[in-house]
Amino acid sequence: MDPRALELLELPEILERLAAVAASEPGKHRCLALEPAADVDEVGRRQALTTETVRLLEESAEPELAEVRDVRHAVEVAARGSTLDTATLWAIAVSIDAAIAARAAVEPVDVPGLRELVRRIETSLGQVSEPIRRAVEDDGSDLRDGASPALRRLRRELREGRGRIAERLRALARDPSLREHLSEDFVTERAGRPVLALRASARGAVPGIVHDSSGSGQTLFVEPFAVVDDSNRLREAESAEREEVARILRELSTTVGARAEPVVGLVGAVAELDLALACGILSRRWRGTPVARGHCVVLRGARHPLLDPAAAVPIDLAPGELRAVVISGPNTGGKTVALKTLGLLALLHQCGLRPPADHAELPVFDQVLADIGDEQSIAMSLSTFSGHVRNLVSILERATDRSLVLLDELAAGTDPVEGAALARALLERLTTQARLTVVTSHYSELKEWASATAGVANAATGFDAETEEPLYRIALGRPGTSHALRIAARLGLPPELVDDARSHVAPERLRIAELLAEAESAEERAAVEREQAADARSAAEEARRAAEARVTELEQEIDRVRASAQAERERTLAAAERELAGTKAELDALRAEIRAARRLERERRRATTPKALAKERERDRRLGAASERAAHVGRALRDAEEPLPVTVPLAPGDPVIAPALGVRGTIDEIVREDAVVVGRGGLRVRVPVARLRPDPDAQADGPPEEGVTVRAPTPTHAPSELDLRGRTAQEAREAVRSFVDAASLAGRDELRVIHGRGTGAIRTAVRDELARHPLVSSHEPDSADGATVVRLS
């Protein structure tokens, strides 16, 4: 790509922003060195990596790369046999470990391109970083004492030797006979040797070696003979420690140099991974769109990425199959920004970034050539026109049928007649030579040529005739007007000068300008109406979606109610079947008992006694009662097996019926899963909602029926206590049901059932029946557990 065109289109500023987003040092270098690709497959690969990176960011699975350093040069130096210092070795180890962790973070995600990239990071390089981490301090400043047994021993000897020497010197300094000869009472060093600060006049007071003196000569720094031998041994240990450190560093550097090639590849892979991540982050930040590959240029809602997003006006530019576009319109109307936006978005696409636009279709250009701005140069003796001509010569030499050419104010800066002729000739040539040429111009001759030439079109920048302000929009298909006289008047030029200038313009030119202005104004109004219509369509679509959502919600509610009713029906059916089975068993037992009694009857025909007659009557009574209960349960089963009607949720005011309870009335209120049914005379009954059904006999148009119809006679007085002692469990169950129903209809709210203690069979049956009864809100044993206190709903 032409580096001058890249600079004119401000790609370097984009790359600086890209580098600021990158996390690692090699990634930043790679971003700054990024160039647009001209190969179609390479552009596709870059865009695919950006798409995968966006997916990685959306899943919050991006790897951490900040600790990776660009250690490629250091590794190559180690491969040539040089020894690296601890800081460099530590940077290599940290970079290796961070890269391996990045590979582990990327591999589980469905991003095949990025996974292929991180596979260049060899996990076996952990064998290089591990010994470095064991030997080097965490800040990379020095080797650890435990880097080798010899180093640990030597450093211990050094600490102990320094301690002995310092203590011996402090003892000398504390000696009363020497204290008066010392300039200072502290221990210091000169040339790496421990010394005392002694007054020059007392040189003979401390036998030793003079290593230095003060600037005034009044103080001598003397190493006492008493510590010379210890100091010499300390120097030997220091030398041995330095040799051991050098040996360890050589060994670690050799390990790094032996794996130089994979380490260099690791850093390169991290740089490419960081570049892809930076492209994804920056593309998301400016709301970039995926580019549809094709041969046409179509941009909708395109925004220049370096402009303030709040102030930038999106532009539409869709030349399609056109070979050239001539953009005209007022100064400061956005012509040059449109050129730069088109060129920069094409470069971003070929760099692997998503261009900031609502929709984008772009081919892959082999060159993006531009001539934008003033090329005047005093040093090179170039005028504005001369500079442009030099650039045009270069563009004509480089443009191919895959090139994008952008020319600002083509052939300006010279005689208007000759400039217009030159502009037309250049554009005719580029129309056949380049894939797409976009120029800005004020030449009327060029606009007329564009209107009459196949494959070429005019485009106008918008201008508000009422406010006399540019609109910064591009309208393809018509030429624009300069509005020079209006703008001059708005900027303060005296009106008489403006009028005088208008009088020198040919009437037909003024009329053409007026017609173009009217067309432009009509187009703006049509655009506003289209936007309003689009908003109305969006609102209608939103209302339609809301209505559909409400219908779906209601259907789900109906399904839920139907499922709840079906579950209640199944529970009722199961309970009735259990009760019927128990009744049948009891009936079979009674029949067996009757057959046995009849056999005995034949044997004691003459032994009939009042007691036997009473016993037989009791058997007949029990048999009749069991038969009646069986018939009742059978009817309940038939009712339960009837299909439930499809219904919407019940609400207060609905007429309802409870077939199992013989209750009919109107719902007054619903409390949790129970409904309060109000009847004639204000009588209120609390019934589970699951047992209620809409009353099919209620009048559809009239007011809801206020009566509660009970098919059993309503007692005017019902006892509050029931004694079940001496009865069977089944008899107790039946008595409890009848007792609770009668008490509820009589308006009682608390009852007492006496069952005794005994074996507990009656007590268990009573409490089980109370737990099932829908009119019982709670029950609890009395203090002696011989009775149960019942509270009704």
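Residues numbered from 1 in each chain as written. Predicted model: local features only at pLDDT ≥ 70, side-chain atom pairs only at ≥ 80, totals over all residues. Heavy atoms only, no water.

Colleague: Sorry if this is basic, but what is going on with empty space enclosed by the protein here?
Modeller: The tally for this structure, following the rule as stated, stands at 1 cavity of 30 Å³ or more. Its boundaries defined by the atoms lining it, the largest cavity holds a volume of some 100 Å³. Lining the largest cavity are R30, L34, R45, R46, L49, T50, E272, L275, A276, C279, C351 and G352. Here the residues of the lining of the largest cavity are counted per class, giving 6 nonpolar, 2 polar and 4 charged. (1 Å grid on protein atoms, 1.4 Å probe; cavity = no way out; pocket = protein on both sides within 12 Å on 5 of 7 lines; lining within 4 Å. Points joined across faces, edges and corners; volume = space filled by probe spheres on them. Nonpolar A, V, L, I, M, F, W, Y, C, P; charged D, E, K, R; others polar.)

Colleague: Would you mind showing me how to read the sheet that holds strand β23 (residues 787-792) here?
Modeller: Paired through backbone hydrogen bonds, the strands of a sheet run either parallel or antiparallel to each other. The strand order across the open sheet built from 4 strands is β20-β21-β23-β22, with neighbouring strands paired in mixed fashion. For this open sheet the edge positions go to β20 (721-723) and β22 (776-781), each flanked by a neighbour on one side alone. Going from strand to strand, the sheet's axes swing by 20° on average, the running direction of each strand aside. Alignment of strand β21 (residues 750-754) against β23, held across 5 bridges, turns out to be antiparallel. Directly across from I754, in β23, lies its bridge partner A787. Sheet strands touched by helix α21 (residues 729-745): β20, β21, β22 and β23. Its angle to β21, the strand with the most contacts, is close to 160°. Of the strands in this sheet, β21, β22 and β23 touch helix α22 (residues 761-772), which is tilted by about 155° from β22. (Pairing = 2+ DSSP bridges. Helix = DSSP H or I, 4+ residues; strand = E, 2+ residues; numbered from the N terminus. Axes fitted to C-alpha atoms, helices over the stretch in contact; angles between N-to-C directions. Contact = heavy atoms within 4.5 Å.)

Colleague: Can you help me understand the sheet that holds strand β9 (residues 359-362) in this one?
Modeller: One open sheet holds the 4 strands; their spatial order is β5-β9-β6-β7, and the pairing between them is mixed. In this open sheet, the two strands that pair with only one neighbour each are β5 (291-293) and β7 (315-320). Each strand axis lies, on average, 20° off the axis of its neighbour in the sheet, ignoring direction. Packed onto the sheet, helix α13 (residues 335-351) meets β5, β6 (297-302), β7 and β9 and runs at close to 110° relative to β6.

Colleague: It is not clear to me how helix α8 (residues 126-135) should be interpreted in this structure. Could you clarify?
Modeller: An α-helix turns once per 3.6 residues; consequently, residues spaced three or four apart project the same way. Listing the buried residues of α8 in full gives G126, V128, S129, P131, I132 and A135. Against α6 (86-106) and α11 (228-258) lie the buried residues of α8. (Buried < 20%, exposed > 50% of the residue type's maximum accessible area, 1.4 Å probe, protein only.)

Colleague: How should the packing of α8 against α11 be read in this particular structure?
Modeller: Helix-helix packing: each pair is described by the crossing angle between the helix axes and the interaxial distance. Relative to each other, α8 and α11 sit at 160°, their axes nearing to 10 Å. Considered as vectors, α8 and α11 are oriented roughly antiparallel to each other. With respect to the hand of their crossing, α8 and α11 are arranged in left-handed fashion. Residues V128, P131, I132 and A135 of α8 pack against L252, T255 and V256 of α11. (Parallel < 35°, antiparallel > 145°, perpendicular 65-115°, else oblique. Left-handed = near helix turned anticlockwise from the far one by under 90°.)

Colleague: Would you mind going over the packing of α6 against helix α12 (residues 260-285) with me for this structure?
Modeller: Running from N to C, α6 and α12 point in directions that differ by 55°, and their axes come no closer than 10 Å. Considering the angle they form, α6 stands oblique to α12. Relative to α12, the crossing made by α6 is left-handed. Note on element contacts: α12 touches α6 through V263, L266, V270 and L273, opposite S95, I96, A99 and A102.

Colleague: Before we go on, may I ask you to explain the environment of A66 in this structure?
Modeller: When you line up the elements, A66 lands in the loop between α4 (40-58) and α5 (72-79). For A66, a relative accessible area of 31% gives the class partly exposed. In the structure, A66 is positioned 29 residues away from S95 in sequence and 9.1 Å away in space, judged by C-alpha atoms.

Colleague: Would you mind going over the pattern of salt bridges with me for this structure?
Modeller: Two side chains of opposite charge can pair, provided their charged atoms sit close to one another. Tallied over the entire structure, the rule returns 42 salt bridges. Residues R103 and E107 are paired through a salt bridge, measuring 2.8 Å at the closest nitrogen-oxygen approach. You can call R103 buried: its relative accessible area is 17%. When the shortest N-O distance is used, the salt bridge between R791 and E750 registers 3.8 Å. One end of the pair, R791, is in strand β23; the other, E750, is in strand β21, with 41 residues separating them in the sequence. Through salt bridges with shared partners, one network takes in E579, R733, R737, D768, E769 and R772. (Salt bridge = Lys/Arg side-chain N within 4 Å of Asp/Glu carboxyl O.)

Colleague: Mind showing me how you'd approach the side chain of T289 here?
Modeller: Relative to the helices and strands, T289 resides in the loop between α12 and β5. By relative accessible area, which is 11% here, T289 ends up buried. Discounting chain neighbours no more than four positions away, the residues touching T289 are R354, P355, A357, D358, H359 and A360.

Colleague: Could you clarify how one ought to interpret unusual backbone geometry in this entry?
Modeller: Backbone phi values are negative for most residues with the exception of glycine, while trans is the configuration of most peptide bonds. One non-glycine residue with positive phi stands out, namely E10, at about 65°. Looking at where E10 falls in the secondary structure, it is placed in the loop between α1 (3-8) and α2 (11-21). Take E10: its relative accessible area is 22%, and that puts it in the partly exposed class.

Colleague: For this particular structure, what's the right way to read the confidence of the model for the protein chain?
Modeller: Caution applies to low-pLDDT regions: their predicted coordinates should not be interpreted in detail. Summary statistics for the protein chain give a mean pLDDT of 81 and a share of 81% for residues scoring 70 or more. Scored below 50 in pLDDT, residues 376-382 makes 7 contacts in the model with residues more than four places away or belonging to other chains. This model gives residues 700-712 a pLDDT under 50, and the stretch forms 31 contacts once residues within four places in sequence are excluded. (pLDDT = per-residue confidence, 0-100.)

Colleague: Would you explain the side chain of T440 in this entry?
Modeller: Among the secondary structure elements, T440 is positioned in strand β12 (residues 436-440). A polar atom in the side chain of T440 sits 2.5 Å from the side chain of D408. A distance of 2.8 Å separates the side chain of T440 from the backbone nitrogen of E409, its partner in a polar contact. Setting aside residues no more than four positions away along its own chain, T440 makes contact with I327, K335, L339, L407, D408, E409 and L410. (Polar contact = N/O pair within 3.5 Å; in protein donor to acceptor, adjacent residues only side chain to side chain.)

Colleague: Whenever I open this one, the nonpolar core confuses me. Can you help?
Modeller: The tendency in soluble globular proteins is for nonpolar side chains to be buried as a group. Counting residues in hydrophobic clusters, the biggest one holds 51 residues, and the most contacted among them are L11, L18 and L353. What L18 contacts, discounting residues up to four positions off in sequence, is C31, L34, L275, A278, C279, L282 and L353. (Core = buried A, V, L, I, M, F, W, Y, C linked by side-chain atoms within 4.5 Å.)

Colleague: Please clarify how the state of the cysteines should be interpreted in this entry.
Modeller: Between two cysteines, a covalent bond joining their sulfur atoms is known as a disulfide. Tallying each qualifying case throughout the model produces 0 disulfides. Distance from the sulfur of C279, which forms no disulfide, to the nearest cysteine sulfur (C31) is 6.5 Å. (Disulfide = S-S within 2.5 Å.)

Colleague: I tried to follow the pairing of β23 on my own but got confused; where do I start?
Modeller: A regular strand carries its side chains on alternate faces of the sheet. β23 sits mainly inside the fold: 5 of its 6 residues count as buried. With 5 bridges connecting them, β22 and β23 associate as antiparallel partners. Bridged to P781 within β23 is T788. Between β22 and β23, which pair antiparallel and follow one another directly, the connecting turn spans 5 residues, one of which, D785, has a positive phi of 60°.

Colleague: Where do I start with the pairing of β6 in this structure?
Modeller: Most of β6 is tucked away: 5 of the 6 residues are buried. Relative to β7, β6 runs antiparallel, the two sharing 3 bridges. The partner of V297 across the bridge, within β7, is G320.

Colleague: Just checking my understanding: could you explain the environment of R737 for this structure?
Modeller: With respect to the secondary-structure elements, R737 resides in helix α21. Residue R737 is classed as partly exposed on the basis of its relative accessible area, which comes to 22%. Along the sequence, R737 and H773 sit 36 residues apart, while their C-alpha atoms lie 7.5 Å from each other. R737 has contacts with E579, Q730, E769 and H773, leaving out every residue within four places of it along the chain.

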